[in-house]
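Take a look at the letters that make up each chain.
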Amino acid sequence: MVIGSFEPTMVLAILPEILLVVLAGLILAVDAIWKPETKRNLGWLTAGGLLVVMVVSFLVAIPQGQDRLIFGGMLRQDWLSFSFNILFMFAAAITALFALDMKGVGQKGEFFVLMLISTLGMSLMASAADIIMLYLAIETTSIPMYILAGFMTRDDKSTESGFKYLLFGAATSTIMLYGFSLIYGFTGQTNIYQIALSFYNLQFPKIAVIGSLLLILVGFGFKISAFPFHFWAPDVYEGAPTPIAGFLSTASKAAGFVVVLRVLVAIFTPSVAPDWINMLAIVSVLTMTVGNVLALVQKNIKRLLAYSSIAHAGYILIGVVAISQLGLTSVVFYLIAYLITNLAAFGIVVTFSQVVGSDEISAYSGLSRRKPWLALAMMVAFLSLAGMPPLAGFVAKIFVFAAAVKVGLIWLAFVGVLNSIVGLYYYLTVLKYVYLFRSDDEDKPLTISRSYAIALSVLVFGIILVGTLFGPWFNLSTKIASSLF
Amino acid sequence: MGFITNNILSIILFSPTVVALVLLFLPQGGKKLLRWVTLLGCLIPFGFSLLLWFSFKADTPGFQFETQTLWYGAISSSFHLGVDGLSLTMVLLTTLLTPVAILASFSITERVKPYMILFLLLETGMLGVFLSLDLLLFFVFWEVGLVPMYFLINQWGSEKGERELWGGRKVSARTYASFKFMIYTMAGSLGLLLAIQMIGVSFRTYDLTKLFSLFPAVTQLANIPLNLSLETVKTIAFWAFVIAFAIKVPVWPFHTWLPDAHTEAPTAGSMILAGVLLKLGAYGFLRLVLPLYPQEAHLYAGALAFLAVMGIIFGALAAYGQDDFKRLVAYSSVNHMGFVVLGIAAAAYAAGSKDAVLALNGAVLQMFNHGLSAAAMFFLVGVIYERAHTRNLNDFGGLFPLIPVYGGILIFTSMASLGLPGLNGFVSEFLVVRGSWPIFTVFTALSMIGLFFTGAYILKGIKKVLHGPTNEQWVGHITEINLREIIVISPLMFLMLWIGVWPAWILGVINSAMQVLFKG
Amino acid sequence: MRFPILSVIVLTPIIAGMLILLIPSDRKNVVRYVALAAATIALLLSAWVYFSYDISISGYQFIEKYNWLPQLGISYYVGVDGMNAPLVLLTGVVMFTGVLISWGIDDRPREFFAFLFILASGVFGVFVAQDLFMLFFFYEIAVFPMYLLISIWGWIKTREYAAMKLTLYLFIGSLVSLVGGLAMYFGSGKNTFDMIQLSQANFSESFQIFWFPFVFFGFAVLGGIFPFHNWSPDGHVAAPTAVSMFHAGVLMKLGAFAALRVGIMLLPVGAQHWRWLILILALVNVVYGAFIAMVQTDFKYVIGFSSVSHMGLVMLGFATLNKDGLIGSGIQMFSHGVMTALFFAVVGMVYDRAHTREIGELGGFSKKMPWVAVAFIIGGLVSMGMPGLSGFVAEFPIFMGVWQVKPIIAIIASISIVITASYIIRIIGRVFFGPISEEFDHHVGDVTIKDKVALTILCVIMITVGVYPSIMSNLVSSGVDRILSLFGGA
C-alpha cells in the first residue's frame, strides 16, 4: 500500500461521495424553491438521485486490481468500501421512498438532506483507513441521525428518542476517541495499517493493546447495538420516525460492523486474537440472548423489531468471532441479507401505521384478510428474520453457524440455534396476529401508495432472490471479505 | 384346456373373489339378482373342484397341480399352490358347502350385497389355507378368513340376546360372540406368527415342500432367544403351532369361543363355521404340525389324545345339558371334532404304522363327514327357527305330525351325526377307533363312553322337537320345509348316505395321501 | 436433454401455490381446480417415476445436478432409488387425495392451498435430495407452513397451542441435525455437501459416535420417536383434515427418512453403536403408543397415538440394520402413510357432520356413510397388520428383522398387535355400528363423490400392495441393498 501523493484517479474513487454532497445541496435548493404541494416529490428526487449515484459508482468507482489507499492513506478503495457504499445508498433510497408520505417528515427537505449526509458518513466509515477519518466518519453518520431520530418535534417520544440517542452516542464516541488517542500515543501512527504494523513489530504490553481495544469497542458496540451497549436501541427505535428506525437498524448497523471488521482484522488479529475472540463470543451470546428473550414480551412492534435487531447483531457477531475466510464472508452475507430483510420489516410497519395509526402488535389482527399482499410481504420479511428457507435469512444463518462449526466453536453454534428457536416463537406470534386473528376493521380498505409498493416489492423480491440463488451473493461476499486481509 | 389344467388351483381359489368384485358393481336393491349371481358364481369353483377330483391321480405320491409364482420375493415367500389327497378332500368340502350355504342364505333380506361379498371372500380365505404350499401364504389366508366371519356374526347374527362385558357394559350377544371369536383366534395365531418368523429367518424360505425335509432335521437355528437349547425352542414352536390350531378345531379346553360363535351366527354362517372353518384347524395339524415336528408330536401325543377324549366326553355331556337347540349342535361339534383329534394324536404317536394310517383315514373322513352333518344340522335348526322364532327345545314338542318331511330329514341327519351304521358318521368313527385302539387303548375306550352320550343328546334333541305330545301353540302356525330348503339339504343327505354305503370313492383318495404323508 | 422430471415434481406444487395466490380470493372454485390440476400432475409424474425405475440397474436414477454454490460444494442434486421412490409416490397420492378431501374448505381456500403446496414442495424436495444442504433447505420449507395451516384452519380449541408446539419442536430438531450436518461437512474434508460423496468420507469412529445422536434424533423428532413425540398427537388433532393427512401420512416419514438418509447412511459406524438405544426407544413407541391409543376418548387422538405406535415400527426396522428390517421399514413408511391418510380423512368426514369426536357420542355411522365405514374397516385391518393388506406386508419383515437382532424385542412388540386389534375393533364398533343418536340421524348425510374417490384410491393401494407385495418389495429391496453395502454387507 503506497501512501503516495494525490492522483487524479482518486477523485474518481470518491466520486460517489462527492455526488452525495451535490445531491444534498440540490435537495436543499429545491426545497427552498418548490411549493408545498410539490414537496412530496422530494422523496422521489432523493431516491432517483441516489439511483443515479449508484449507477455512476458502478461505472467509475469499481475497484480495479489492487486494493489501495488513497488521499494520503485516509481512505481505502477496495471491494468492501465499494459494495457497502452501494448498499448504504440502496438503503437510503428505500428509506426515502418509505418516508415520502409521512406527515411532518416527508415534505421537509431537511429530512432528506440529513439522511444523505448520514449516508455520506457511512460511506466514509466503510472506506476509512485512518483513525481520524474513522472518527470523523462516525460522527458524520451519527449527528444527523440524532436529529433525524428526534425529527418529529411535536411527538414527545420522538424527542425523547433523539435526545437519548444523542447522549448515549456522544458518551460512547468520546470513550472511543480516547481509545483512538491511546493508540496514537502508543504507535505514533493514524493509518490503520501502519498501526497494525507497529503493533506487530513493537510488542507493546498486552494490557495496553487490550485496553485500547476495549475502549474502541465501546464506540463500535454502540453502533452495532451489542450488549451491553444496546440499551438505547428499543427506546430510540420506538420513538424515531419509523423509516429512520429502519435505516438505523440496517445501514447504520452495517456500517458499524464494517468498521469492526476492518479494525479488528487489521489491527488486532495477530497479537491478541485469542483474547478478544473469547470476549466477543461472550458478548455475542449475551447480545443474542438478551435481544431474543426481551423480544418475547413486547407488545409494540417497533420495540419487538428493535430487540430483534439486537439479537441479529448477536448472530452476526458469531461470524466475527469465527474469524476466518468463511467467518468474514458469512458476516458480509448476513449483513446484506439482514439489510434487505429488516428494511422490509420496518417498511411494512411504516405502511401499516400510516393507515391504521398504531404500532401495537394487536392492531395487526386480520391484516391477512384486509390486505393479503401486505400480509404476505410481512410473512416473507418475518420468516426471513426467523431464518426460514427459501429466504435470505435462512442462508445467512446457515453460513454463520457453519463458520462457527468450522473453527470448532460448536457450542456457539448451538447457542445460536437455541436463540433462533426463541426468535421463531415471537416472529410466529406476530404472524399469528396477522393471519389468524380477526378484527372489525377487516373490510376497510388499506391503501398503499406507489412508493411503498415499489419499495416493498423490490425488497421482497430481493429477500427471495438472495435466499434461493445465493451463489453470486456469496461469491461477492467472499470477494469483499478477502479484501479485508 | 392346458391353461385350465395349469392354473386350475388359482381358478378355484380366486373365482369367488372375482364373483365378489362383480357383485360390487351390481345394484344394492336387486336382492334376487345378487343371490342368484352369488349362487351361480359359487358353482364355478365347485365345478372346477369336481374336475380336479376326477383329474387327480390318487396313486401318485406328493402334490399335484402345483403352481408357483413370485409373490413376496424379498423375503423368499412365493405364491405356491398344490393339492394332495388331504387338501383335495377339504377343497371339495368347501366348494360344496359354500353354494349350499348360499342357497340357505336366500332368506336373508337385509343388506344382501355385503353379506354375499363377505361370504365369497370367506370362501377364498378358506380355500387358500387348503391350497397353500407356502407357510407365509398359509398364514395370510388363515387370518384372512377371520374378518368376513367376524362381520357375518356381528352384523347378521341372531338379534336377540345380551351379554355382559367386563365393567358391566351390556352388549348384544352377537357382538360378544364375534369379538370373542376374533380376539381368541388372533391371540392364538400370535404364537404361530412368531414361530413362522423364526422359521423364515432360520431357513430363508417359506416353501413347505422344502421345509418338510429341512426343519425336522435341523441342528442349528438362527438367533435362539434367551440362549435356550434347540430342543426347547422346537418344543415351544411346536406348542405355538398346536395352540393356534387347537383353538380352531377346537380342542378342549380351547373351545370356549365356539358355543357362542356358532349359536349367535346366522344359519349359513354356522354352517360354514362348523362345516369348514373348524377343519382348518385340523388341517393345520395334519399339514404342518405332524410333518414339521414329528419328534415333538410323538412326545406329546398322549397329552393331545387326552385332550381329545375330554372334548369327546365333555362335549357330549354339555350338548346333552342344553336347552338351546343351536347350542346343542354347537357342542356336538366339539364332540365330533374330538374324534378327529384322537385320530391325529394316534397317528402322531405311532407314525407310519398301519394303525396310524387307519386312524388318519378316519380322522380325515370324519372331517369331511362332520362338515356335511354339522352343516346339515345347523341348517335344520335354522329352518325351524325361521318358523318358530325360538330355539328352546322346551318350547317344541310333538311336531312330527305337523311337519313330517322336516321330521324325517331331521331324523336322518341326526342318525348320520350319531354314527348309525349305513351312514357316513359310522365309517369315520369306526376307522378312528379301529386305528387308535392299538395305540391309545385307554383313551379310545373312554371315547366310547363319549359315543354313548352322543347318542343320548342326539336322541334327546329329536325327542324334544319331534316326539311327545304335540305342543298346541304350533298347530296351524308352523309350515312345512319348502322346496328351496329341501334342495339345500339334499346333496348333503345324498353324500351322507353314499359315503355310508360305499365310502371307497373318497377313502381311496384320502388313504393314498395318508400313506405317503406320514411315513414316520 | 432428459426431461427433468424430478425437478418438475418438486417445483410444481410451489409454483402452483404462487399461481393460486394470484387468483382473486372470491374465485374459490378456480382455486380448487388449479390445485387439483397441480396435484394430478404431481401424482402422475411420481407414479411414472415409481414404475419406470429400473430395478436391474438399481442405484440412483433420474438424476439431475446443478451447481448452486460451488465454493462450498453446494449443489442442487436430486435422484431416486428404491427407498425414496415409494415415498415420492406416497406424497403424490396424499397430496392428490388431500386436495379432494379439502374441497369443502370455505374460509380462504386460496391461502390454504398455497401453504399446503409450499409444504408439498418441501416434502418432495427432501425425499429426492442428494445434497445435504438442499435437504435441509427443503426440510425447513416443509416445517413452517404447518404453523399457519394448523393455527388458521385447525380445531379452535387447541390450534394455537398445538401449532406453536409443533413448529418449535420440529425447528429445534432440524437445527440440531443441521449442526451435525455442518460438522459432517467440515469433518469430511471434501468441501462438498454431496451426500453420495459424503457417504464415502470415512469419518473416524469417535466422530461418528459423537455426531450420530445429534443427526439421527434431530430428524427422528419429526418421526415421532419417544420421548420427543409429544408434539405429534396434539398437532394431529388440531390440524385440519388434509393437513393431518399430510402430517401423519407424509411429514413423519420425512423425519424418519431423513434420519435414515443422513444419520444411518452417512454415519454407519455411529448407527451401529447407537442402535440399541434406538431399538429400545422405538419399542417404547410401539407399545406405549398402542396403550395410550386404547384409552383415548377422542376419535382423532386414538388415530394420532396409533401413528406414534406405527412410526415406532418404522424406527424399529431401521435399528435392526439388516435386510428384512429395512425392507419392512421402507414398506411400512408407505403403507402407514396411505393408511393414516385414510384414517384422518375418515375422521374429518365424521367430524364435519357430527361436530364431535367423542367416541361415546358417536355411533351407527355406517348407516349414513357406508362407503366410509368400509374404507375405515379396511384401514383398520391394515393397522392391525391383517394379512392380505399392506400392513402385514410391511410389519412381517420388520418382525423378522428384529427377531434376528433380539428375539425378545420382537415378542414384546408383537403384543402391540393385539392391543391395536382391540382398540381398532372397539372404535369401528362404537363409531360405525351400534345405535345412532337421534340428532345425528337427522343431520348427518353421506359424503361427496370426491371424498369417495379419495377413499377408494387409498383403499385400492393398500389392497394391491397387500395382495401382491412384490409390486413394492423388489424396489425397496434394491434400495436396501445399497444401504447395507455401506455397512460392509452387514
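Everything quoted here is computed from the prediction, not taken from an experiment.

S.K.: Break down the overall build of chain C for me, citing the residues and quoting the values.
M.R.: Summing up its helical and strand segments, chain C has 19 helices and two strands in all. Expected size for 490 residues packed as a compact globule is a radius of gyration near 23 Å; at 21 Å, chain C falls within 12% of this value. Viewed in the frame of its principal axes, chain C has a C-alpha envelope of about 70 × 55 × 40 Å. Burial status across chain C gives 65% buried among its 490 residues. Within chain C, contacts between residues separated by at least 24 positions form 81% of all contacts whose residues are at least 6 apart in sequence.

S.K.: I'd like a rundown of the overall build of chain B, residues and numbers included.
M.R.: Summing up its helical and strand segments, chain B has 19 helices and four strands in all. By principal-axis analysis of the C-alpha atoms, chain B measures approximately 70 × 55 × 55 Å. When each of the 520 residues of chain B is scored for burial, the buried share is 58%. Counted over contacts in chain B with a minimum sequence separation of 6, partners at least 24 positions apart contribute 80%.

S.K.: Describe in detail the interface of chain B and chain C, supporting the description with residues and values.
M.R.: On the chain C side, the residues contacting the 28 residues of chain B number 29 residues. Those elements that place two or more of their residues in the side of chain B that touches chain C are strand 1 (64-72), helix 5 (135-144) and helix 7 (173-203) of chain B.

S.K.: An account of the environment of Glu110(A) is needed here, citing residue identities and associated values.
M.R.: In this fold, Glu110(A) is placed in helix 5 (residues 109-127). Between the C-alpha atom of Glu110(A) and that of Ile27(A), which follows or precedes it by 83 residues, the distance is 8.3 Å.

S.K.: Outline the packing of helix 13 (residues 325-349) of chain B against helix 14 (residues 354-388) of chain B, listing residues and values.
M.R.: All names here are of chain B. It is the contact of helix 13 with helix 14, at a shortest axis distance of 8 Å, that shows an interaxial angle of 170 degrees. The angle between the axes of helix 13 and helix 14 places the two elements in the roughly antiparallel class. Residues Phe-325, Lys-326, Val-329, Ser-333, His-336, Met-337, Phe-339, Val-340, Gly-343, Ile-344, Ala-346 and Ala-347 of helix 13 lie in contact with helix 14, whose contacting residues are Ala-356, Ala-359, Leu-360, Gly-362, Ala-363, Gln-366, Met-367, His-370, Ala-374, Met-377, Phe-378 and Val-381. When the residues that make up the contact of helix 13 with helix 14 are grouped by side-chain class, the tally is 17 nonpolar, six polar and one charged.

S.K.: So what about the interface of chain A and chain C? Which residues, and what values?
M.R.: Facing the 27 residues of chain A at the interface are 24 residues of chain C. Put simply, the parts of the chain that give the side of chain A that touches chain C at least two residues each are helix 15 (372-386), helix 16 (392-406), helix 17 (410-435) and helix 19 (471-482) of chain A. In terms of residue count, helix 17 of chain A provides more of the side of chain A that touches chain C than any other element does, 11 residues in total.

S.K.: Describe helix 2 (residues 28-52) of chain C, with residues and values.
M.R.: Since one α-helical turn is 3.6 residues long, residues separated by three or four positions face the same way. Residues and elements named next belong to chain C. Spanning 25 residues, helix 2 covers 36 Å between terminal C-alpha atoms, matching the ideal 36 Å at 1.5 Å per step. Every buried residue of helix 2 is listed here: Val-31, Arg-32, Val-34, Ala-35, Ala-38, Ala-39, Ala-42, Leu-43, Ser-46 and Val-49. As for helix 2, its buried residues are in contact with helix 1 (5-22), strand 1 (61-69), strand 2 (74-80), helix 3 (84-101) and helix 4 (109-128).

S.K.: Outline the pairing of strand 1 of chain B, listing residues and values.
M.R.: All names here are of chain B. The sheet contact formed by strand 1 and strand 2 (residues 77-83) spans six bridges and is antiparallel. Along strand 2, the bridge assignment pairs Gln-68 with His-80. As consecutive antiparallel partners, strand 1 and strand 2 are separated by four residues, and within that stretch Ser-76 has a phi angle of approximately 65 degrees, a positive value.

S.K.: So what's going on with helix 10 (residues 257-264) of chain B? Which residues, and what values?
M.R.: Residues and elements named next belong to chain B. Where burial is concerned, most of helix 10 is hidden: eight out of the eight residues are buried. For helix 10, every residue scored as buried is listed here: Trp-257, Leu-258, Pro-259, Asp-260, Ala-261, His-262, Thr-263 and Glu-264. Contacts made by the buried residues of helix 10 are with helix 6 (146-156), helix 7, helix 11 (267-292) and helix 13.

S.K.: Before we move on, could you go through the packing of helix 12 (residues 301-321) of chain A against helix 17 of chain A and cite the residues and values that matter?
M.R.: All names here are of chain A. One can describe the packing of helix 12 onto helix 17 by two numbers: an axis separation of 11 Å at closest approach and a directional angle of 160 degrees. Considering the angle they form, helix 12 stands roughly antiparallel to helix 17. As for the relative orientation of helix 12 and helix 17, their crossing is left-handed in sense. Taking contact as the criterion, the partners of Ile-301, Leu-304, Ala-311, Tyr-315, Ile-318 and Val-321 in helix 12 are, on helix 17, Leu-412, Gly-416, Asn-419, Gly-423, Tyr-426 and Val-430. Within the contact of helix 12 with helix 17, the residues separate by chemical class into nine nonpolar, three polar and no charged.

S.K.: Describe the environment of Gln366(B), listing the residues and the values that go with them.
M.R.: Residue and element names in this part refer to chain B. For Gln-366, the position within the fold is in helix 14. Placed 37 residues apart in sequence, Gln-366 and Ile-403 show a C-alpha to C-alpha distance of 30 Å. Discounting chain neighbours no more than four positions away, the residues touching Gln-366 are His-336, Phe-339, Val-340, Gly-343, Ser-428, Glu-429 and Val-432.

S.K.: Explain the confidence of the model for chain C to me, and be specific about the residues and the numbers.
M.R.: Residues and elements named next belong to chain C. Here chain C averages 88 in pLDDT, and 99% of its residues register 70 or above. When pLDDT is averaged over each helix and strand of chain C, the minimum, 76, is found for helix 17 (residues 438-443) and the maximum, 93, for helix 3. Quick note on the complex model: pTM equals 0.87, ipTM equals 0.85.

S.K.: An account of unusual backbone geometry is needed here, citing residue identities and associated values.
M.R.: With an omega dihedral of 0 degrees, the bond running from Phe227(A) to Pro228(A) counts as a cis peptide bond. Topologically, Pro228(A) is positioned in the loop between helix 9 (206-224) and helix 10 (232-239). The omega torsion of the bond from Val249(B) to Pro250(B) falls at -5 degrees, within 30 degrees of zero and hence cis. Here Pro250(B) shows up in the loop between helix 9 (230-248) and helix 10. The phi dihedral of Ser225(A) is positive, around 55 degrees, even though this residue is not glycine.

Cut-offs applied
Residues numbered from 1 in each chain as written. Chains lettered and ligands numbered in written order. Predicted model: local features only at pLDDT ≥ 70, side-chain atom pairs only at ≥ 80, totals over all residues. Helix = DSSP H or I, 4+ residues; strand = E, 2+ residues; numbered from the N terminus. Rg over C-alpha atoms; globule rule 2.2 N^0.38 Å. Buried ≥ 20, exposed ≤ 12 C-beta atoms within 10 Å, placed from the backbone. Contact = placed C-beta atoms within 7 Å. Axes fitted to C-alpha atoms, helices over the stretch in contact; angles between N-to-C directions. Parallel < 35°, antiparallel > 145°, perpendicular 65-115°, else oblique. Nonpolar A, V, L, I, M, F, W, Y, C, P; charged D, E, K, R; others polar. Expected span 1.5 Å × (residues − 1). Pairing = 2+ DSSP bridges. Left-handed = near helix turned anticlockwise from the far one by under 90°. pLDDT = per-residue confidence, 0-100.

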